[in-house]
Amino acid sequence: MEKAEIGLIGLGTMGSNLALNIAEKGHRIAVFNRTASKTDAFVENAGALKGRIVPCKSLAELADAIRPPRPVIIMVLAGKPVDEQIAALRDELSANDIIIDAGNANFHDTVRRFTELQGSGLTFIGMGVSGGEEGARHGPSIMVGGTQESWTRVEDVLTAISAKYKGEPCAAWLGPDGAGHFVKTIHNGIEYADMQMIAEIYGILRDGLAMAPKEIAPVFAGWNEGRLNSYLIEITAKVLEADDAETGKPVVDIILDRAGQKGTGKWSVIEAQQLGIPATAIEAAVAARVLSSFKAERLAAEKAYGTLEVERISGAKDALLKDLELALFAGKIAAYAQGFAVMEGASKEFGWNLPMPTIARIWRAGCIIRSQFLDTIAEAFGKSGGKGNLLMAPAFITMMKEAHPSLRRIVARAAEAGLPVPALSSALAYFDAYRQGRGTSNMIQAQRDFFGAHGFERIDAEGAFHGPWGMEQG
Ligand code: NDP
């Protein structure tokens with residue numbers, strides 16, 4: 001029988017859709033799932049693609065069905081199941097075969113797995129996949145970390161199944177070991193910030209301007225035609241349009257204000273902190289999700305403090321809406337600047353040499369944060385080679401100069417109205433601190449020297465100095 005080009009373990013939501021995508025692009029694929037009945041059902045429902053799918057009842061069968069060197073995608077739940085699958089696969093694979101973890105792994109696990117497989121003859125790829133179920137089926141964004149040789153073996157399949165932006169595939173090799181999963185993690189961190197800032201603007205429209213979902217929907221739909229054009233803005237408009245079949249009410253109004261998370265946002269923040277790179281908008285977004293889950297506590301606090309006795313946000317509506325659009329855009333610029341800065345820090349720390357223009361390019365389609373904006377970033381990084389903070393790219397200086405006054409006004413008005421905008425205000429604070437030539441850390445230096453004799457630097461002389469406080473203390 002003709003050998004399959006690639007194998008896949010795990011026919012859950014992502015795995016089954018990826019497998020169909022691979023088969024649809026003309027590649028024969030061998031599949032295995034822990035629960036065998038799922039494999040049967042999957043093949044049964046594969047329709048015209050059935051002929052390119054080789055169902056396997058064991059890992060030995062799977063290994064035997066693939067053309068060597070054999071690439072095998074593992075698409076099971078992240079964590080222990082991945083280690084278990086790798087351990088089981090090791091016995092069935094041989095030299096130069098490639099194990100690909102395509103789940104949402106913590107990049108530290110990917111580096112560990114990569115190292116553990118070194119010397120075994122097998123190679124390991126950590127592959128970030130974004131785009132959800134729909135992306136997996138019709139074209140995700142694919143971020144690959146591993147050896148370049150292993151990428152060469154799978155490049156054809158992965159570029160074929162990836163999303164395309166104006167014909168360019170949204171799949172790329174980004175660097176060794178954990179590079180792909182790290183980039184996917186930061187993608188998700190940025191996604192948290194994007195989503196949170198959209199939710200904050202929705203909150204201002206709902207609570208500050210007393211607009212109903214059906215009135216807010218066209219606002220987002222309109223923004224989607226302009227500089228904010230993106231998948232997340234598009235779906236926000238659609239969410240606001242939708243009615244609940246049971247009650248007839250807008251769906252968004254009957255959804256509990258409590259959002260879950262799986263951990264990639266938190267990992268982004270932890271890594272940013274470890275690397276010493278501020279990612280405050282992402283951090284605020286993760287914290288906002290955590291706070292959202294304290295529903296009972298928030299209700300009790302509302303009772304204890306009451307709601308603010310302030311007027312709703314007023315003024316010429318068109319001007320306000322323009323301000324909101326630009327505020328969201330400015331917040332977005334700051335959040336992306338932070339995300340890319342974290343990746344630049346990691347690239348230096350781990351010696352990955354991450355290609356920032358390529359990362360921006362493969363995020364332009366397929367993934368959840370896909371947008372026109374990423375094309376602008378790709379262009380700016382293309383000119384700068386992807387070095388330095390995005391806020392310093394000439395095109396972004398121009399855009400931010402236009403947009404930050406709106407962010408300032410919106411954050412101020414939201415604060416006065418008692419409307420929480422943690423991600424937008426963190427973005428603004430980051431921008432203001434970043435652009436302030438003389439900040440206030442002279443005071444921090446002085447305090448540290450006062451209580452800990454840490455010394456300080458002077459503006460007018462080289463070296464370390466101490467203040468006169470010891471003498472005063474006597
Ligand atoms: P599902 O829950 O739909 O499927 C899970 C799959 O993992 C099933 O095939 C299941 O097999 C298998 N599995 C679970 N535990 C084990 C185990 N101990 N040993 C062997 N197989 C096991 O998950 P998803 O497809 O949504 O997610 C898969 C991965 O993709 C995760 O890492 C997720 O974070 C990531 N991801 C998910 C996205 C999404 O939008 N859903 C987007 C991007 C990445 P069985 O049928 O036998 O239970």
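Residues numbered from 1 in each chain as written. Predicted model: local features only at pLDDT ≥ 70, side-chain atom pairs only at ≥ 80, totals over all residues. Heavy atoms only, no water.

Participant: When you look at helix 19 (residues 422-434) in this model, what are you seeing that I'm missing?
Facilitator: In an α-helix, one turn spans 3.6 residues, which is why side chains three or four residues apart end up on the same side. Counted at 1.5 Å a residue, the expected span for helix 19 with its 13 residues is 18 Å, and the 18 Å between its end C-alpha atoms agrees. Residues Ala423, Leu424, Ser426, Ala427, Leu428, Tyr430 and Phe431 constitute the buried set of helix 19. Summarising the contacts, the buried residues of helix 19 are in contact with helix 8 (179-208), helix 13 (280-292), helix 15 (317-350) and helix 18 (394-417). (Helix = DSSP H or I, 4+ residues; strand = E, 2+ residues; numbered from the N terminus. Expected span 1.5 Å × (residues − 1). Buried < 20%, exposed > 50% of the residue type's maximum accessible area, 1.4 Å probe, protein only. Contact = heavy atoms within 4.5 Å.)

Participant: How should I be thinking about the packing of helix 8 against helix 15 in this particular structure?
Facilitator: A pair of packed helices is characterised by two quantities: the angle between their axes and the separation of those axes. It is the contact of helix 8 with helix 15, at a shortest axis distance of 10 Å, that shows an interaxial angle of 160 degrees. Judged by the angle between their axes, helix 8 and helix 15 are roughly antiparallel. The way helix 8 lies across helix 15 gives a crossing that is right-handed. Every residue of helix 15 that contacts helix 8 at Phe182, Val183, Ile186, Ile190, Ala193, Asp194, Met197, Ile198, Ile201, Ile204 and Leu205 is listed here: Leu321, Leu324, Leu328, Gly331, Lys332, Ala335, Tyr336, Gly339, Val342, Met343 and Ala346. For the contact of helix 8 with helix 15, a count of residues per class yields 18 nonpolar, two polar and two charged. (Axes fitted to C-alpha atoms, helices over the stretch in contact; angles between N-to-C directions. Parallel < 35°, antiparallel > 145°, perpendicular 65-115°, else oblique. Left-handed = near helix turned anticlockwise from the far one by under 90°. Nonpolar A, V, L, I, M, F, W, Y, C, P; charged D, E, K, R; others polar.)

Participant: Sorry, what's going on with the site of the ligand here?
Facilitator: Taken together, 21 residues lie around the ligand, and Thr13, Met14, Asn33, Thr35 and Lys38 are the ones closest in. Between the ligand and Gly12 there is a distance of 3.2 Å, counted from an oxygen atom to a backbone nitrogen or oxygen. One of the backbone N or O atoms of Met14 is found 2.8 Å from an oxygen atom in the ligand. Alone, the ligand offers 910 Å² of accessible surface; in the complex the protein occludes 80% of this. Where the shell around the ligand is concerned, the elements lending two or more residues are helix 1 (13-24) and helix 4 (80-90). Residues that form the shell around the ligand fall into these classes: eight nonpolar, nine polar and four charged. (Near = heavy atom within 4 Å. Polar contact = N/O pair within 3.5 Å; in protein donor to acceptor, adjacent residues only side chain to side chain. Areas by Shrake-Rupley, 256 points an atom, 1.4 Å probe, with all protein chains shown as cover.)

Participant: Explain the side chain of Ser141 to me, please; I cannot follow it from the model alone.
Facilitator: Assignment of secondary structure puts Ser141 in strand 7 (residues 141-145). For Ser141, a relative accessible area of 0% translates into the label buried. At 2.6 Å, the side chain of Ser141 and the backbone oxygen of Ile362 are in polar contact. Once you skip the residues sitting within four places of it in the chain, Ser141 turns out to touch Gly128, Val129, Ser130, Cys170, Ile362, Trp363, Ala365, Gly366 and Cys367.

Participant: I keep staring at the packing of helix 12 (residues 264-275) against helix 13 and nothing clicks. Help me out?
Facilitator: Where helix 12 contacts helix 13, the two axes come as close as 9 Å, and the packing angle between them is 140 degrees. Our classification of the angle between helix 12 and helix 13 gives oblique. The chirality of how helix 12 crosses helix 13 is left-handed. Residues Gly265, Lys266, Ser268, Val269 and Gln273 of helix 12 pack against Ile282, Glu283 and Val286 of helix 13. For the contact of helix 12 with helix 13, the class distribution of residues is three nonpolar, three polar and two charged.

Participant: Is there a simple way to think about the packing of aromatic side chains in this case?
Facilitator: Each aromatic ring pair is summarised here by two numbers: the centre-to-centre distance and the angle between the ring planes. By the definition in use, this model includes 14 aromatic pairs. Members of the aromatic cluster, connected to one another through ring pairs, are Phe107, Phe182, Phe350 and Trp352. Across the ring face of Tyr231, the terminal group of Arg370 is positioned such that the distance to the ring centre comes to 3.9 Å. (Phe/Tyr/Trp six-rings, centres within 6.5 Å; stacked < 30°, edge-to-face > 60°. Lys NZ or Arg CZ within 6 Å of the ring centre and 35° of its normal.)

Participant: I keep staring at the pattern of salt bridges and nothing clicks. Help me out?
Facilitator: Under the definition given, this model contains 28 salt bridges. For Lys214, the salt bridge is made with Asp243, and the minimal N-O distance between the two is 2.6 Å. Residue Lys214 is found in helix 9 (residues 213-223), and its partner Asp243 is found in the loop between helix 10 (231-241) and helix 11 (251-254); the two are separated by 29 residues along the sequence. With a relative accessible area of 36%, Lys214 lands in the partly exposed category. Judged by relative accessible area, which is 43%, Asp243 ranks as partly exposed. Arg435 is the salt-bridge partner of Asp432, the closest N and O atoms lying 3.7 Å from each other. Looking at Arg435, the relative accessible area reads 49%, which means it is partly exposed. Here the salt bridges share partners, and the residues they tie into one network are Asp83, Asp101, Asp109, Arg112, Arg113 and Glu116. (Salt bridge = Lys/Arg side-chain N within 4 Å of Asp/Glu carboxyl O.)

Participant: I keep staring at the domain arrangement of the protein and nothing clicks. Help me out?
Facilitator: When the parts come together, some accessible area is lost, and that loss is often what is quoted as the size of the interface. Once the domains are mapped, the protein shows domain 1 (6-177), domain 2 (185-434) and domain 3 (446-472). Interface area for domain 1 against domain 2, summed over the two sides, is near 1,700 Å², with a carbon-plus-sulfur share of 63%. Among the residues of domain 1 in contact with domain 2, Phe107, Tyr165 and Leu174 are the three that bury the most area, contributing 33% of the side total. For the pair domain 1 and domain 2, the interface holds one salt bridge. When the shortest N-O distance is used, the salt bridge between Arg364 and Glu168 registers 3.3 Å. Counting only elements with at least two residues in the side of domain 1 that touches domain 2, the list comes to helix 5 (107-117), strand 7, strand 8 (164-165), strand 9 (168-169) and strand 10 (171-175). When residues in the side of domain 1 that touches domain 2 are grouped by element, the largest group, four residues, is from strand 10. Looking at side-chain class alone, the side of domain 1 that touches domain 2 contains 13 nonpolar, nine polar and three charged residues. (Domains from an automatic or database assignment. Buried area = accessible area lost by both parts, 1.4 Å probe.)

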